Amino acid sequence: MDEFRALPKVELHLHLEGAAPPSFIRGLAAEKHEDISGIFGADGGYAWTDFFHFLKVYEAASSVLRSPRDYQRLLLAVAEESAASGVVYSEIFVSPDLCGGGDTEAFGDYMAALKEAAAEAERGFDVTFRVIATPIRHFGPEKARAAALCAAEKAGDFLTGFGIGGDETRLEPADFAWAFDCAREAGLRLTAHAGEWRGPDGIRDTLRALRPERLGHGVRAIEDLALVDELAEQGIVLEVCPVSNIALGLYPDMRRHPISELDRRGVKVTISSDDPPFFHTSMAREYAEMHRAFDWDEGQFHKITAQALDAAFCDADTKARIAKKLEA
Ligand code: ADE
Ligand code: ZN
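Cut-offs applied
- Residues numbered from 1 in each chain as written.
- Chains lettered and ligands numbered in written order.
- Predicted model: local features only at pLDDT ≥ 70, side-chain atom pairs only at ≥ 80, totals over all residues.
- Heavy atoms only, no water.
- Helix = DSSP H or I, 4+ residues; strand = E, 2+ residues; numbered from the N terminus.
- Rg over C-alpha atoms; globule rule 2.2 N^0.38 Å.
- Buried < 20%, exposed > 50% of the residue type's maximum accessible area, 1.4 Å probe, protein only.
- Contact = heavy atoms within 4.5 Å.
- Areas by Shrake-Rupley, 256 points an atom, 1.4 Å probe, with all protein chains shown as cover.
- Lys, Arg positive; Asp, Glu negative; His and termini not counted.
- Charge placed at Lys NZ, Arg CZ, Asp CG, Glu CD.
- Near = heavy atom within 4 Å.
- Polar contact = N/O pair within 3.5 Å; in protein donor to acceptor, adjacent residues only side chain to side chain.
- 1 Å grid on protein atoms, 1.4 Å probe; cavity = no way out; pocket = protein on both sides within 12 Å on 5 of 7 lines; lining within 4 Å.
- Sits in = over half its atoms within 2 Å of the grid points.
- Domains from an automatic or database assignment.
- Buried area = accessible area lost by both parts, 1.4 Å probe.
- Salt bridge = Lys/Arg side-chain N within 4 Å of Asp/Glu carboxyl O.
- Nonpolar A, V, L, I, M, F, W, Y, C, P; charged D, E, K, R; others polar.
- Axes fitted to C-alpha atoms, helices over the stretch in contact; angles between N-to-C directions.
- Parallel < 35°, antiparallel > 145°, perpendicular 65-115°, else oblique.
- Points joined across faces, edges and corners; volume = space filled by probe spheres on them.

## Remarks on the overall build of the protein chain
Scanning the protein chain for helices and strands turns up 13 helices and 8 strands. Relative to the compact-globule value of 20 Å for 328 residues, the protein chain shows a C-alpha radius of gyration of 18 Å, a close match. Dimensions along the principal axes, computed over C-alpha positions, put the protein chain at roughly 50 × 45 × 45 Å. Split into buried and exposed, the 328 residues of the protein chain put 60% on the buried side. A sequence separation of at least 24 residues applies to 76% of the contacts in the protein chain between residues at least 6 apart. Surface summary for the protein chain: the accessible area is close to 12800 Å², and the carbon and sulfur share equals 49%. A distance of 1 Å separates the average location of the 36 positive side-chain charges in the protein chain from that of its 55 negative side-chain charges.

In structure tokens:
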């Protein structure tokens, strides 16, 4: 795993709440006299059984994050983990549902706190962060609308994107078209989780209804090679999270994960860690797994990282600064 630790990495798909180290969440729970011990296993890590249970445990862990200051501390804890894996640029999903419950003013306080923490993380850990506001799909379209209004108000050089995560099996992409249109009009760049729990039709519906330039996961496109060709032709970028997909049971083992074939067929794939402590992963481990399963070497990792930076939701100056770090 250590062999690729030093390689500079760009991560496009990291849920901030899902990246919270279990010890951090346990500490916050103790401070607030909350008993959430049921979400931890004997090893002290998060304990879950399947995707739906994972979402429940995720929400229970997030329930102790209640103030801008909590998120500030969380971002710094996550920055330390990212830096230890060689990440130099990271886009974090932050849910307006959990940061002020969809209230624009409260969300503004969370964003101000996160921006301050990101500046501190940049000084202390040399990691640059940008935020993608990401409503939770199974909370419903109304909550997503409120989240879009929050995001639109704070759109700028720090909050640069809008996405959607959560239970992909519930509701239709078109139910969230208003939220995505609102975010697009505010100048936010768009991504959406699709092709994780639904197959090619779910991806097609998402592209049609929400018009994102990137897809979270998107790996199940492989079940329809015509769709794979379309993704390649349109330059749709996939935020692939290989270890997450194995941990959640999409594929039985890494050799059967489609990332390598998608790459060979010309789709722009990138690598991310999704919710690292939940899946016992890190960016360093993701790279090591790609090397072990597909013999990916430094040359291939450079290509993937350049692809990720190219697809990043940040301005040209930031990209140029990060590109220099990748060269070094
Ligand atoms: N939220 C956090 N991780 C997720 C995943 N893998 N899929 C959908 N929603 C998520
Ligand atoms: Zn995700």
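Picking up where we left off.
## Description of the site of ligand 1
Around ligand 1, the surrounding shell consists of H15, F51, F54, Y58, G165, G166, H193, E196, H217, D274 and D275. The contact in question runs from a nitrogen atom of ligand 1 to an N or O atom on the backbone of G166, over 2.9 Å. Within the side chain of D274, one N or O atom sits 2.8 Å away from a nitrogen atom of ligand 1. Contact with the protein chains hides 97% of the accessible area of ligand 1, taken as 260 Å² for the molecule alone. Of the pockets mapped on this structure, ligand 1 occupies the largest cavity.

## Observations regarding the domain arrangement of the protein chain
Taken domain by domain, the protein chain comprises domain 1 (2–18 + 67–327) and domain 2 (21–64). Tallying the contact residues gives 22 residues for domain 1 and 18 residues for domain 2. Carbon and sulfur atoms make up 70% of the area that domain 1 and domain 2 hide from each other, which totals about 1800 Å². Across the domain 1-domain 2 interface, the total number found is 2 salt bridges. Among the ionic pairs, K32 bridges to D70, the shortest N-O distance being 2.5 Å. Applying the counting rule to domain 1 against domain 2 returns 6 residue pairs in polar contact (both at pLDDT 80 or more). Among the elements that make up the side of domain 1 that touches domain 2, the one with the highest residue count is helix α3 (residues 68–84) (5 residues). Residue composition of the side of domain 1 that touches domain 2, grouped by class: 10 nonpolar, 6 polar and 6 charged.

## Things to note about the packing of helix α12 (residues 298–311) against helix α13 (residues 316–327)
The geometry of α12 relative to α13 is characterised by a closest axis approach of 10 Å and an angle of 170° between their N-to-C directions. Taken together, the axes of α12 and α13 lie roughly antiparallel to each other. Within the contact between the two elements, α12 uses H302, T305, L309 and D310 and α13 uses K319, I322, A323 and L326. Each residue belonging to the contact of α12 with α13 can be placed in one class, and the counts come to 4 nonpolar, 2 polar and 2 charged.

## Comments concerning empty space enclosed by the protein
Inspection of every chain in the model, using the stated rule, returns 2 cavities of 30 Å³ or more. Taken as a whole, the largest cavity spans an internal volume of roughly 230 Å³. Counting only elements with at least two residues in the lining of the largest cavity, the list comes to α2 (51–62) and β2 (87–94). Broken down by element, the residue count for the lining of the largest cavity peaks at 5 residues, all from α2. Partitioning the lining of the largest cavity into residue classes produces 8 nonpolar, 8 polar and 5 charged. Both of domain 1 (2–18 + 67–327) and domain 2 (21–64) provide at least three residues apiece to the lining of the largest cavity. Estimates place the volume of the second largest cavity at around 50 Å³. L7, P8, E298, F301, H302, T305 and L326 together form the lining of the second largest cavity. Sort the elements by how many residues they give to the lining of the second largest cavity and α12 lands first, with 4 residues. Along the lines of polarity and charge, the residues of the lining of the second largest cavity split into 4 nonpolar, 2 polar and 1 charged.

## Description of the layout of surface pockets
Approximately 250 Å³ is the volume found for the largest pocket. Lining the largest pocket are 18 residues, with E81, P276, P277, T281 and S282 positioned closest to its centre. Elements represented by at least two residues in the lining of the largest pocket include exactly β1 (9–15) and α3. Top contributing element to the lining of the largest pocket by residue count: α3, with 4 residues. Broken down by class, the residue content of the lining of the largest pocket amounts to 10 nonpolar, 5 polar and 3 charged.

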